[in-house]
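# Coordinate analysis (summary)
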Amino acid sequence: MSYKIGIIGTGYVGLVSGTSFAASGNEVYCIDIDEDKIAKLRKGISPIFEPGLDYYLKQNIREGRLHFSTILKDAVSECSIIFLCLPTPPNEDGSADLHHVLDTAKEIAEIMLNAESKEKKIVVNKSTVPVGTGEKVQAIFDAILGVGRVVVVSNPEFLREGFAIEDAMKPERVVIGTSDKWAEELMRDLYEPFVRSGNPIIVMDVKSAEVTKYASNAFLATKISFMNDLSLFCEVVGADIEKIRIGMGSDSRIGKRFLFAGIGFGGSCFPKDVRALLHTAEEHNIDLVLPKAAFEVNRKQMQRFVDKIVSRFGRLNNRKFAVWGLAFKPNTDDTREAPAFYVIEKLLLAKARVCVYDPEAIENARLHFGDRISYSSDMYSATKSTDALVIVTEWNVFRNPNFFKLKELLKNPIIFDGRNLFNPEEMKALDFEYYCIGREQIKKG
Ligand code: NAD
């Protein structure tokens, strides 16, 4: 059956989810408070870079299934299922800031209170929220509208930026948190087109669904941090983390993914979600040892990368560095908590000059750094007359550079590689100094 769906918050999650629901035949009303974003979207221009999104966006606007507005009432009065895809950024103490979610729930309830229709609705929380938030949101609706008008469901999102359309259209699993049979049936029906190949729709209580999201991110962050922790050990004892990764990953109990050592994880999810999980645990006097360690290893790993640059050059004033990669990972323009930003801020603090290149994230970097750094529109000119190349994001285009051209452009043939893109032996043969993660460092002389 086709539904009328409201999406409140048209960012990475909201826009991708809304577009995917429209692409499976539903009529979708996307709401955002950002007027520029909505104006662009109405013209079919995506405000974010996400492979495949443009096509579905334009197609579904053209076919009349995707609407954009800044007015919440437009979605609330039309739709029987309303998704909250709102930001839950970290407060200073690491807890999740829930004001967008709670305030919007109150606004929706007030719109419903004043509406003629007394239709029962589902409000689905897709934002990543601490355990107990679903109960709080349900309490808001029950207090304003009375019990039974709204069923609050948890439906955590697991999409990966860079593969978001693919993940939304063919999710490995859909988690639905509800104990209400009516809401469960509707949610199953809505998601059925996305799981036709047999991937599961897993229904559980609201609290367990909320924790499932944090547990997944904390576990993935822990996998990465485990390898990063080991990488220092490998450098000291002369082992190669890349070979160890392959050796370990072939064990199906361990799995091949999320074992890449590197500069550390960033992005809008892992750092904030691990901190929020730790904060909620502390509120319940629980010490979550492993997520805490994963977070601490990550912080150290980024600093260790900067330390490599400092120990090679000593003082960094009067030095200039080229940085390749600004997005927190390839195939996105998202720079939230990007390791590149950490590295660049440290270089600037040490009075170095920085010229950057990224295939998609230059504009987001410009919003953050302004004229404190310079920007290049191609990867090679960024390196011209710089003291070294620093690679932070593993975009495919960086994997096979023209090393001879690089040698001509760089003042010194030096590369700091935070993603282990190249083979140390080859770099030695090419006569580069090459500093990487958890493998042999090809040093001067
Ligand atoms: P985002 O910042 O890209 O998008 C949020 C949108 O909400 C913005 O466009 C903002 O303008 C809008 N907004 C803020 N207040 C609003 C209001 N009162 N009414 C309407 N719109 C409002 O955030 P995101 O990355 O899409 O993340 C949303 C949630 O999903 C977060 O809780 C996040 O942790 C979670 N999540 C994100 C990802 C991801 O990969 N980005 C993956 C899974 C889960």
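Just so it is clear, the structure is predicted and the values come from calculations on it, not from any experiment.

Let's shift gears to the packing of helix α1 (residues 12-23) against helix α3 (residues 53-62). At their nearest, the axes of α1 and α3 sit 9 Å apart, and the two run at 55° to each other. In terms of axis orientation, α1 runs oblique to α3. Two packed elements cross with a definite hand, and for α1 against α3 that hand is left-handed. Facing Leu-15, Thr-19, Ala-22 and Ala-23 of α1, the residues of α3 in contact are Leu-53, Tyr-56, Leu-57 and Asn-60. Its residues placed into classes, the contact of α1 with α3 shows 6 nonpolar, 2 polar and no charged.

This part is about the pattern of salt bridges. Summed over the entire model, instances satisfying the criterion amount to 28 salt bridges. A salt bridge links Arg-336 to Glu-161, with the shortest nitrogen-to-oxygen separation between them at 3.7 Å. Of the two residues, Arg-336 is situated in the loop between β9 (320-324) and α13 (339-349) and Glu-161 in the loop between β6 (150-154) and α7 (164-169); the sequence distance between them amounts to 175 residues. A residue is classified by how much of its surface remains accessible, and Glu-161, at 8% relative accessible area, is buried. Ionic pairing is found between Glu-296 and Arg-299, a salt bridge with its closest N-O pair at 2.7 Å. Residue Glu-296 and its partner Arg-299 are located together in helix α12 (residues 289-313), separated by 3 residues, close to a single helical turn. Since its relative accessible area comes to 45%, Arg-299 is described here as partly exposed. Because the salt bridges share partners, they merge into one network encompassing Glu-161, Asp-334 and Arg-336.

Taken together, 26 residues lie near the ligand, and Asp-32, Lys-37, Thr-88, Glu-161 and Lys-272 sit nearest. Contacts to the ligand include Glu-161, whose side-chain N or O atom sits 2.7 Å from a nitrogen atom. The separation between an oxygen atom of the ligand and a polar side-chain atom of Arg-336 is 2.8 Å. For the ligand, the protein covers 89% of the area, taking 830 Å² as the surface of the free molecule. Of all the secondary-structure elements, those providing two or more residues to the shell around the ligand are α1 and α5 (99-114). A per-class count over the shell around the ligand returns 9 nonpolar, 9 polar and 8 charged. The residues that make up the shell around the ligand include at least three from each of domain 1 (4-199) and domain 2 (230-435).

Definitions and cut-offs
Residues numbered from 1 in each chain as written. Predicted model: local features only at pLDDT ≥ 70, side-chain atom pairs only at ≥ 80, totals over all residues. Heavy atoms only, no water. Axes fitted to C-alpha atoms, helices over the stretch in contact; angles between N-to-C directions. Helix = DSSP H or I, 4+ residues; strand = E, 2+ residues; numbered from the N terminus. Parallel < 35°, antiparallel > 145°, perpendicular 65-115°, else oblique. Left-handed = near helix turned anticlockwise from the far one by under 90°. Contact = heavy atoms within 4.5 Å. Nonpolar A, V, L, I, M, F, W, Y, C, P; charged D, E, K, R; others polar. Salt bridge = Lys/Arg side-chain N within 4 Å of Asp/Glu carboxyl O. Buried < 20%, exposed > 50% of the residue type's maximum accessible area, 1.4 Å probe, protein only. Near = heavy atom within 4 Å. Polar contact = N/O pair within 3.5 Å; in protein donor to acceptor, adjacent residues only side chain to side chain. Areas by Shrake-Rupley, 256 points an atom, 1.4 Å probe, with all protein chains shown as cover. Domains from an automatic or database assignment.

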